[in-house]
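Tertiary structure, described
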Amino acid sequence: MAAQKDLWDAIVIGAGVQGCFTAYHLAKHGKRVLLLEQFFLPHSRGSSHGQSRIIRRAYPEDFYTQMMDECYQMWAQLEQETGTQLYRQTGLLLLGTKENQDLKTIQATLSRWAVKHQCLSSEELKQRFPNIRLARGEVGLLDKFGGVLHASKALRVLQDAIRQLGGKVCDGEKVMEIKPGLQIMVKTTSSTYQAKNLVITAGPWTNRVLSLLGTELPLQTLQINVCYWREKVPGSYGVSQAFPCFLDLDRSLAPHHIYGIPSGEYPGLMKVSYHHGNNADPEERDCPAAFSDVQDIQILSRFVREHLPDLEPKPAIVECCMYTNTPDGHFILDRHPKYDNIVIGAGFSGHGFKLSPVVGKILYELSMKLTPSYDLTPFRISRFSGLGKAHL
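Residues numbered from 1 in each chain as written. Predicted model: local features only at pLDDT ≥ 70, side-chain atom pairs only at ≥ 80, totals over all residues. Heavy atoms only, no water.

All right, on to helix α5 (residues 151-164) then. When the terminal C-alpha atoms of α5 are compared, their 20 Å separation across 14 residues agrees well with the 20 Å that a helix rising 1.5 Å per residue should span. Restricting attention to buried positions, one finds in α5 the residues Ala 151, Ala 154, Leu 155, Val 157, Leu 158, Gln 159, Ala 161 and Ile 162. Each element contacted by the buried residues of α5 is listed here: α1 (17-28), β2 (33-36), β3 (52-55), α2 (62-82), β8 (147-150) and β9 (168-170). Looking one or two places after α5, you find Gly 166, whose phi comes out positive at around 100°. (Helix = DSSP H or I, 4+ residues; strand = E, 2+ residues; numbered from the N terminus. Expected span 1.5 Å × (residues − 1). Buried < 20%, exposed > 50% of the residue type's maximum accessible area, 1.4 Å probe, protein only. Contact = heavy atoms within 4.5 Å.)

Have a look at this one:
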């Protein structure tokens with residue numbers, strides 16, 4: 001096994017979108033950075049693969065809406081630097097009853113931050129989107145700059161950019177041992193590295209990596225069924241018909257949100273999925289589930305039948321994705337409680353992709369002991385001190 005003599009300014013463990021943006025910011029600021037990935041790239045075992053993710057400013061929380069302002073700028077900058085289109089503006093339509101508290105809160109947040117949006121009555125919704133059937137007199141809130149991010153393409157251009165900026169990307173190297181200290185030793189399946197700082201962005205494998213440091217965070221790993229539904233008339237829910245991404249906030253059908261992305265990545269198929277899944281070990285996600293996981297697909301079939309009549313109510317394709325959830329659905333962006341040169345970015349809870357440019361910037365700032373650009377109170381590990389599973 002080769003021992004590397006080089007001393008890196010930072011090693012980043014995990015080459016999903018958060019790790020890639022962290023390494024990108026480090027390399028951009030002239031730091032010697034090594035990005036380690038246990039699988040050979042590209043792969044589809046984590047949380048960052050696939051063709052599409054929703055981008056939006058529409059959030060109930062001010063801090064996400066504020067962060068998204070810079071995220072849009074950084075996505076545009078990455079597009080410019082790489083000559084690659086990564087964002088497609090479709091608008092994001094939020095659906096709910098007039099009394100829906102989430103809808104009211106999101107509208108108030110958008111207004112506070114002067115984000116372009118439009119409120120649509122039931123009548124306006126019917127006129128504008130006749131192929132959405134409204135079952136309970138829903139109203140709409142349109143986040144005009146909502147849209148789609150091209151996920152796999154973003155990972156590819158980020159990894160290329162890291163290399164061009166002088167960073168190193170090593171895939172197919174699983175981390176086996178971490179020795180903390182002024183210089184951190186990281187041993188993988190094929191080499192040993194030394195670094196002044198370490199950033200852990202290991203997605204669903206976060207607790208496996210943290211166990212090497214005797215640490216565990218209250219993270220729940222879920223396997224999500226990502227479903228695609230065939231259009232009865234191809235293109236009827238497509239971008240060419242100006243059909244938006246949507247987020248249904250109604251909780252009467254199911255306890256979690258249902259979201260949709262207009263057809264495009266698979267011609268004639270629209271992505272409609274449930275923002276939740278089943279507990280799953282990321283090491284065993286390729287195995288058949290121990291119990292049936294069709295409940296979410298039944299929820300989606302009913303939703304499609306009731307609300308999207310121009311789709312076949314049975315999924316044509318089902319793919320898998322992993323979520324790593326925190327108890328409150330907010331991220332963990334913090335230093336390790338014992339080792340101040342080890343930084344953790346975790347628990348992105350199924351809504352982190354769009355925010356990754358700023359997450360990467362924050363993790364870069366933390367690792368380089370710079371003053372963070374944002375108030376990190378909502379993202380601190382200490383908020384879980386009352387929970388038994390935060391063994392620090």
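Let's pick the thread back up.
This part is about the environment of Gly 268. Among the structural elements, Gly 268 can be located in the loop between β15 (258-261) and β16 (269-274). Note on Gly 268: relative accessible area 18%, which makes it buried. Taking the C-alpha atoms as reference points, Gly 268 and Lys 232, separated by 36 residues in sequence, lie 8.3 Å from one another. Setting aside chain neighbours within four positions, we find Gly 268 in contact with Trp 229, Arg 230, Glu 231 and Ser 263.

With that settled, consider the nonpolar core. Ranked by size, the top nonpolar core spans 49 residues in total, and within it Trp 75 and Leu 355 carry the most contacts. Elements with a contribution of two residues or more to this core: β1 (2-13), α1, β2, α2, α5 and α8 (356-367). Each residue touching Leu 355, except ones within four places of it in the same chain, is listed here: Tyr 59, Tyr 64, Met 67, Met 68, Cys 71 and Phe 331. (Core = buried A, V, L, I, M, F, W, Y, C linked by side-chain atoms within 4.5 Å.)

By the bridge criterion, four bridges tie strand β19 (residues 332-335) to strand β20 (residues 342-346) in an arrangement that is antiparallel. Note on β20: the bridge partner recorded for Leu 333 is Gly 345. Where β19 hands over to β20, the hairpin turn is made up of six residues, counted between the paired strands. (Pairing = 2+ DSSP bridges.)

A few words now on the sheet that holds strand β4 (residues 87-89). One open sheet accounts for three strands, arranged β3-β8-β4; its pairing is antiparallel. Each of the sheet's edge strands pairs with one partner strand only, and the pair in question is β3 and β4. When strand polarity is set aside, the average angle formed by the axes of neighbouring strands in this sheet is 30°. Sheet contacts for α5: β3 and β8; angle to β8, the most-contacted strand, approximately 45°. (Axes fitted to C-alpha atoms, helices over the stretch in contact; angles between N-to-C directions.)

Applying the stated criterion to the full structure yields 14 salt bridges. The salt bridge involving Lys 196 is made with Asp 9; its shortest N-O contact spans 3.4 Å. Remark: Asp 9 occurs in strand β1 and Lys 196 occurs in strand β12 (residues 191-200); sequence separation between them is 187 residues. With relative accessibility at 39%, the residue Lys 196 sits in the partly exposed group. Residue Asp 9 is classed as buried on the basis of its relative accessible area of 15%. Between Asp 69 and Arg 57 there is a salt bridge whose closest N-O contact spans 3.4 Å. (Salt bridge = Lys/Arg side-chain N within 4 Å of Asp/Glu carboxyl O.)

Moving on: the side chain of Ser 301. If you trace the backbone, Ser 301 turns up in helix α7 (residues 295-307). Only 3.1 Å separates the side chain of Ser 301 from the backbone oxygen of Pro 313, close enough to count as a polar contact. Residues within four places of Ser 301 in sequence aside, it is in contact with Trp 229, Pro 313 and Pro 315. (Polar contact = N/O pair within 3.5 Å; in protein donor to acceptor, adjacent residues only side chain to side chain.)

Right, let's get into the pairing of strand β5 (residues 92-96). Within β5, five of the five residues are buried, which leaves the element mostly enclosed by the surrounding structure. Residues of β5 alternate between two faces, with Leu 92, Leu 94 and Gly 96 on one and Leu 93 and Leu 95 on the opposite face, all of them buried. Relative to strand β14 (residues 245-248), β5 is paired through four bridges, and the arrangement is parallel. Of the residues in β14, the one forming a bridge with Leu 94 is Leu 247.

Let us look at the packing of α1 against α8. The geometry of α1 relative to α8 is characterised by a closest axis approach of 7 Å and an angle of 55° between their N-to-C directions. Taken together, the axis directions place α1 and α8 in an arrangement best described as oblique. The crossing of α1 and α8 is right-handed. Between α1 and α8, the residues in contact are Val 17, Gln 18, Phe 21, Thr 22, His 25 and Leu 26 and Ser 356, Pro 357, Val 359, Gly 360, Lys 361, Leu 363, Tyr 364 and Ser 367, respectively. Across the contact of α1 with α8, the residue classes tally to seven nonpolar, six polar and one charged. (Parallel < 35°, antiparallel > 145°, perpendicular 65-115°, else oblique. Left-handed = near helix turned anticlockwise from the far one by under 90°. Nonpolar A, V, L, I, M, F, W, Y, C, P; charged D, E, K, R; others polar.)

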